[in-house]
Amino acid sequence: QVQLVESGGGLVQAGGSLRLSCTASGGTFSSYTMGWFRQAPGKEREFVAGIRWSVGFTYYGDSVKGRFTISRDNNKKTVYLQMNSLKPEDTAVYYCAADQVPFRPKAVLTTPSDFGSWGQGTQVTVSS
């Protein structure tokens, strides 16, 4: 399995943008479907976006469609989350995660239990 470290969080005004990064070490990054989740205080962890190990297929949670974009650079072992048009309700700790199974075919993973490796999280705060 891979070890993951997120970065790029911070404080931004509503309507602004941030780009989160998640860099992997260990394992074979390019063989894993990757995901971003978020968790606000008192709420369950919510799926945000996923990108399959075979580059090009992406999928999103309903609350971020059209505003967030997930991408990956396998050479840099990094997955990104570009967040535009941010809203106060996007405030949360954001986590990246890697699939438990390499080369999983047709993976559309949206629940935390699907993922085997997690980063420590990065705080995103959107002020109104």
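In case you missed it, the structure is sitting above this.
Nothing here was measured: the structure is a model prediction, and the numbers come from that model.

**Student:** Just give me the short version of the state of the cysteines, but keep the residues and values in it.
**Tutor:** According to the stated counting rule, one finds one disulfide in the structure shown. Between the sulfur atoms of cysteine 22 and its disulfide partner cysteine 96 the distance amounts to 1.9 Å. Of note, the bridge from cysteine 22 to cysteine 96 carries an S-S torsion of about 45° and is right-handed in sense. Residue cysteine 22 is found in strand S3 (residues 18–25), and its partner cysteine 96 is found in strand S9 (residues 92–99); the two are separated by 74 residues along the sequence. Taking relative accessible area as the criterion, cysteine 22 reaches 0% and is therefore assigned buried.

**Student:** Let's hear about the packing of aromatic side chains: which residues, and what values?
**Tutor:** What the rule picks out here adds up to eight aromatic pairs. Relative to phenylalanine 115, the ring of phenylalanine 37 has its centre 5.3 Å away and its plane inclined at 80°; by these criteria the two rings are edge-to-face. Here phenylalanine 37, found in strand S4 (residues 34–39), pairs with phenylalanine 115, found in strand S10 (residues 115–118); they are 78 residues apart in sequence, far enough to count as distant. Classification of phenylalanine 115 by relative accessible area gives buried; the value is 4%. Note on tryptophan 53 and phenylalanine 103: the rings are 5.1 Å apart at their centroids and 90° apart in plane angle, and the pair reads as edge-to-face. Taken together, the residues span a long stretch of sequence, with tryptophan 53 in the loop between strand S5 (46–51) and strand S6 (58–60) and phenylalanine 103 in the loop between S9 and S10 at a distance of 50 residues. Classification of tryptophan 53 as partly exposed rests on a relative accessible area of 26%. These aromatic residues form a ring-pair network of at least three members: Phe37, Phe47, Phe57, Tyr59, Tyr95, Phe115 and Trp118. Lying over the aromatic face of phenylalanine 57, arginine 52 brings its terminal NZ or CZ to 3.9 Å of the ring centre.

**Student:** Mind laying out unusual backbone geometry, listing which residues take part and the relevant values?
**Tutor:** We note that serine 85 has phi near 50°; this positive angle belongs to a residue other than glycine. Note on serine 85: relative accessible area 42%, which makes it partly exposed. You will see that lysine 106, though not glycine, has its phi angle at about 50°, which is positive. With respect to the element layout, lysine 106 can be found in the loop between S9 and S10.

The rules behind these values
Residues numbered from 1 in each chain as written. Predicted model: local features only at pLDDT ≥ 70, side-chain atom pairs only at ≥ 80, totals over all residues. Heavy atoms only, no water. Disulfide = S-S within 2.5 Å. Helix = DSSP H or I, 4+ residues; strand = E, 2+ residues; numbered from the N terminus. Buried < 20%, exposed > 50% of the residue type's maximum accessible area, 1.4 Å probe, protein only. Phe/Tyr/Trp six-rings, centres within 6.5 Å; stacked < 30°, edge-to-face > 60°. Lys NZ or Arg CZ within 6 Å of the ring centre and 35° of its normal.

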